[in-house]
Amino acid sequence: MTKLLQADAIGIAHAAALLRDGALVAFGTETVYGLGADATSDRAVAGIFAAKQRPRFNPLICHYPDADTAFADVVANSQARRLAATFWPGPLTLVLPRQRDSEVSLLTSAGLDTLGVRVPGHEIALALLRATGRPVAAPSANLSGRVSPTTPQHVLDELSGRLAAVLDSGPCPVGVESTVLDLSGSTPLLRRPGGVTVEAIEAVIGPLGTCDKIPGVLRSPGLLASHYAPKLPLRLDALDVKPDEALLAFGPTLPGAGAVFSLSNECDLAEAAARLFAGLRQLDEDAAALGLARIAVMSVPNRGLGRAINDRLRRAATPRA
Ligand code: TXA
Ligand code: MG
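All values reported here derive from a predicted model rather than from experimental measurement.

A. Here's a closer look at the domain arrangement of the protein. As assigned here, the protein comprises domain 1 (3-205) and domain 2 (234-317). Taking only C-alpha atoms, the centre of domain 1 and the centre of domain 2 are 27 Å apart. Listed as interface residues are 20 residues of domain 1 and, on the opposing side, 15 residues of domain 2. Carbon and sulfur atoms make up 58% of the surface buried where domain 1 meets domain 2, a total of about 1,400 Å² over both sides.

B. Main features of the packing of helix H1 (residues 9-20) against helix H5 (residues 123-132). Between H1 and H5, the shortest axis-to-axis distance is 9 Å and the interhelical angle comes to 50°. Judged by the inter-axis angle, H1 sits oblique to H5. Crossing geometry of H1 relative to H5 is assigned as right-handed. In contact with Ile12, Ala15, Ala16, Leu19 and Arg20 of H1, H5 contributes Ile124, Ala127, Leu128, Ala131 and Thr132.

C. Region of interest: unusual backbone geometry. In this structure, Pro89 follows Trp88 across a cis peptide bond, with omega equal to -5°. If you trace the backbone, Pro89 turns up in the loop between helix H4 (78-87) and strand E5 (92-97). The residue Ala110 is not glycine, and still its phi comes out positive at about 50°. Inspection of the secondary structure assignment puts Ala110 in the loop between E5 and strand E6 (114-118). Judged by relative accessible area, which is 23%, Ala110 ranks as partly exposed. Notably, Asp237 is not glycine yet its phi reads approximately 55°, a positive angle. Mapped onto the elements of the fold, Asp237 is located in the loop between strand E12 (234-235) and strand E13 (245-249). Among the residues examined, Asp237 registers a relative accessible area of 53% and is labelled exposed.

D. Up close: the side chain of Arg281. Mapped onto the secondary structure, Arg281 falls in helix H8 (residues 269-290). Judged by its relative accessible area of 15%, Arg281 falls in the buried class. For Arg281, the side chain forms a polar contact with the main-chain oxygen of Val147, separated by 2.6 Å.

Reading guide: rules and limits
Residues numbered from 1 in each chain as written. Chains lettered and ligands numbered in written order. Predicted model: local features only at pLDDT ≥ 70, side-chain atom pairs only at ≥ 80, totals over all residues. Heavy atoms only, no water. Domains from an automatic or database assignment. Contact = heavy atoms within 4.5 Å. Buried area = accessible area lost by both parts, 1.4 Å probe. Axes fitted to C-alpha atoms, helices over the stretch in contact; angles between N-to-C directions. Helix = DSSP H or I, 4+ residues; strand = E, 2+ residues; numbered from the N terminus. Parallel < 35°, antiparallel > 145°, perpendicular 65-115°, else oblique. Left-handed = near helix turned anticlockwise from the far one by under 90°. Buried < 20%, exposed > 50% of the residue type's maximum accessible area, 1.4 Å probe, protein only. Polar contact = N/O pair within 3.5 Å; in protein donor to acceptor, adjacent residues only side chain to side chain.

Structure below.
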């Protein structure tokens, strides 16, 4: 049975004790809910891969209460320190070389010699990390390849019975995952667009390389083409709605749609990001109830948080193998 814990002092202490004991606990962050485990325990980390049915080659992000504890497990350079000072706590993951004597399980980084570290911008998550006193490995708390959860109910709907507890931190304010920035090579590489915009990062450290532009460089191992998949297929850049479609709207909605979820009436990208995953889940349900075949998606500008939104929509639209 998966417990739903209140995020008060007792609930946080309980969740921390479970984590120290090797159990899996989902907790809210500013981005999405994470499926947490003690990152130093092979057995606990293996439990994450099993619960999510996640491929073992896909590394996990390690969560810390502050930059000092995060940088104890990796070799931080001056760019990493500047970015941490600017954006932590917040939705930015830095990929850096692992510290040789780090106690973080090699399973966490999927055998790579780098580790993704992040300090989440959420008071409850930080309190949990402080109380746990260990690095906490946490992927998004969904089955591998499916839509990320932004409420405790999303986690329970998909993973109930596969984890000890969910710490209820309410809905996640940012709604898309952290930006993953790889600082382990000679050029900073954007591995996943996310909650901190490319524009904001470039204002601190200058131009980024993207993995797409550099031949032979793999994107994040987790960024398989098909991901974030709702049950129904998606049709992107829709200018109209067909009779057998539900609509994910951005800005003024289109005429004729039966089931509609509006990401943002006012074209506010932050609001749209926060509502994206809940919208995909909602339309999946509505469309099934109405016997619809597809979700039509209106286009979202590709700047600021729009990049992370479009990245998730493109992956959600890619047919599954
Ligand atoms: O916002 C977030 O980042 C959420 C919350 C829970 O913190 N976590 C999250 O984790 O989105 P996950 O596992 O769903 O996505 C982590 C991404 C994957 O694409 C993974 O491949 C990449 O980060 N990643 C992790 N460690 C990496 C590493 N050492 N090198 C390259 N990519 C890495
Ligand atoms: Mg994920």
